[in-house]
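Chain residues, written in single-letter form:
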Amino acid sequence: MDKRVQYEVSRAFLKRFLFHMLLYIFFILVIAETSWFYCNSRIWYGNEPFYKLIHFTHNNFMSVFLLVICSGAVIIACMHFFWIASMLGRVTQEIGHLYSGKTETAKLPPQLKEMENQLNFIMSNVRKSRKEADEAIQRKNDMIVYMAHDLKTPLTSVIGYITLVKDEDGLPDGIRKKYLGVAMKKAERLEDLINEFFEVARYNFTQMALEYSTVNLTVMIEQLLYEFKPVFDKKGLSYNTDIGQDIMVQCDIEKIERVFDNLFRNVVNYSYENTDIKVSLKDNGKGIKFIVENCGKTIPKEKITCIFDRFFRIDNSRSTETGGAGLGLAIVKEITSLHNWTVNCESEDEKIRFIINIKK
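Summary of the structure given here. All values reported here derive from a predicted model rather than from experimental measurement.

**Quick notes on the overall build of the chain**
- A count of helical and extended segments in the chain gives nine helices and seven strands.
- Each of the 360 residues in the chain was classed as buried or not, and the buried ones make up 33%.
- Counting contacts in the chain only where the partners sit at least 6 residues apart, residues at least 24 apart contribute 71% of the total.
- Per element, the accessible surface of the chain, about 23,200 Å² overall, is 59% carbon and sulfur.

Below is the structure:
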């Protein structure tokens, strides 16, 4: 409970206590005043039942009055303690609902309005986190099922073609090379899928630590683009660059290389064939901005918000060429966040644009 809530709750309790005390004192004064006029309006005799009590009260009026006030204050305080205890019970009950899956909002007495607001805010965040966790687990489970199927497919092909080559002694060299080539391609695909399984395990069970050093980001981007050129050419992709000279940054070089590698792989997977890629890296004096834009199917707005989630894939059809574990962009988000950088995605008119804002 923050200080503002403590102040509001304490103020509400004190206000309630003082109100009841003032009401009680007013009631006692009215009774005392009425009794005084009544007792003075007649003659009392010693043999009357209440004579001694009235005589004692008259002689010790202030002491009796203070005793009655103090006794009332104690009784009212005890009543408020019980009331506070019941309020704490209500709060405890509502907090217990955080783990019960309750969807209704918490309801507390008006005196605990600030606490009610904070509790509902926490419950809303807990429900959101639980939903995101459930969705992540479901995506992970789906991914394991898909990848198990994807592992079986190339493995079956590898076994089939190798069996043909082994059993058919009279195969022409050309056919034998063709079968071996297909088997090799399927084996490479199988290796990629196995590496993705290791990627899933490493992403979930290790904590990334950064080792900072200075790197020429201009050179890094140009080198990666050069290394990706054969992959671009295979899909008929060309790229245009607008890259500033000798832009230096402090970062974990190996992990930042992985960021751009994952982004370029994503560009290859989700670009239309024979289209252009635009790469920009600019230093505006306050910070550095990296932008990579490709031509591809527009990403729906409802998926843009999930694109950096673990195990999320835009392409639900899971084609053989693009079927990955859905970790690439999640790792990009993780690494950039560790560097206090930001990464965003925009998509419209069959354009997909990734923007990284880099702190100097």
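Having seen the structure, we can now continue with the description.
**Notes on the packing of aromatic side chains**
- All told, the structure shown has seven aromatic pairs when counted by the stated rule.
- Look at F260 and F290: their rings are 4.7 Å apart centre to centre, the planes differ by 70°, and that puts the pair in the edge-to-face class. One end of the pair, F260, is in helix α7 (residues 253-269); the other, F290, is in strand β5 (residues 288-295), and 30 residues separate them in sequence.
- By relative accessible area, which is 0% here, F260 ends up buried.
- An aromatic cluster of three or more residues is present, and its members are F228, F232, Y239, F260, F264 and F290.

**Concerning the pattern of salt bridges**
- Scanning all chains against the criterion turns up seven salt bridges.
- The residue D242 makes a salt bridge to K282 at a minimum N-O spacing of 2.9 Å. Taken together, the residues span a long stretch of sequence, with D242 in strand β2 (residues 238-243) and K282 in strand β4 (residues 276-283) at a distance of 40 residues.
- When its relative accessible area of 39% is taken as the criterion, D242 is described as partly exposed.
- You can call K282 partly exposed: its relative accessible area is 38%.
- When salt bridges that share partners are traced, they join E293, E346 and R353 into one network.

**Notes on the nonpolar core**
- Membership of the largest hydrophobic core comes to 41 residues, with the highest contact counts inside it found for I221, F260, F264 and F290.
- When contributions to this core are tallied by element, the ones reaching two or more residues are α6 (217-234), β3 (248-251), α7, β4, β5, α9 (328-338), β6 (342-348) and β7 (351-358).
- Not counting chain neighbours up to four residues away, the residues in contact with F290 comprise I221, F260, L263, F264, V279, S280, L281, F354, I355, I356 and I358.

**As for the pairing of β3**
- Along β3, the buried face is formed by V249 and C251; none of M248 and Q250, which line the opposite face, is buried.
- Taken together, the four bridges between strand β1 (residues 213-216) and β3 define a ladder with antiparallel strand orientation. Bridge pairing links T214 to Q250 in β3.

**Focus: the side chain of S271**
- The residue S271 is located in the loop between α7 and β4 in this model.
- S271 sits in the buried class, given a relative accessible area of 6%.
- Within polar-contact distance, the side chain of S271 engages the backbone oxygen of V267 at 2.6 Å.
- Aside from chain neighbours lying at most four places away, what touches S271 is K235, L237, N294 and C295.

**Section: a negative patch on the surface**
- On the surface, a cluster of negative charge is contributed by E211, E227, E254 and E257.
- Tracing the chain through its elements places E211 in the loop between α5 (173-205) and β1.
- Look at E211 and you get exposed, because its relative accessible area is 64%.

**Comments concerning the sheet that holds β6**
- Within the open sheet, the five strands sit side by side as β2-β4-β5-β7-β6. Their pairing is mixed. A single partner strand is all that each edge strand has here, and the edge strands are β2 and β6. The mean inter-strand angle of the sheet, taken between neighbouring strand axes irrespective of direction, is 10°.
- Sheet analysis places β5 next to β7, joined by eight bridges and oriented antiparallel.

**Concerning unusual backbone geometry**
- One non-glycine residue, D246, lies in the positive phi region at around 45°.
- Summarising the element assignment, D246 is placed in the loop between β2 and β3.
- In this structure D246 comes out as exposed when scored by relative accessible area, which is 53%.
- In the Ramachandran plot, D349 falls in the positive-phi region, its phi being about 50° despite a non-glycine side chain.
- Positionally, D349 belongs in the loop between β6 and β7.

About the cut-offs
Residues numbered from 1 in each chain as written. Predicted model: local features only at pLDDT ≥ 70, side-chain atom pairs only at ≥ 80, totals over all residues. Heavy atoms only, no water. Helix = DSSP H or I, 4+ residues; strand = E, 2+ residues; numbered from the N terminus. Buried < 20%, exposed > 50% of the residue type's maximum accessible area, 1.4 Å probe, protein only. Contact = heavy atoms within 4.5 Å. Areas by Shrake-Rupley, 256 points an atom, 1.4 Å probe, with all protein chains shown as cover. Phe/Tyr/Trp six-rings, centres within 6.5 Å; stacked < 30°, edge-to-face > 60°. Salt bridge = Lys/Arg side-chain N within 4 Å of Asp/Glu carboxyl O. Core = buried A, V, L, I, M, F, W, Y, C linked by side-chain atoms within 4.5 Å. Pairing = 2+ DSSP bridges. Polar contact = N/O pair within 3.5 Å; in protein donor to acceptor, adjacent residues only side chain to side chain. Patch = residues over 30% accessible without salt bridge, like charges linked within 9 Å, V, L, I, M, F, W, Y side chains within 5 Å. Lys, Arg positive; Asp, Glu negative; His and termini not counted. Charge placed at Lys NZ, Arg CZ, Asp CG, Glu CD. Axes fitted to C-alpha atoms, helices over the stretch in contact; angles between N-to-C directions.

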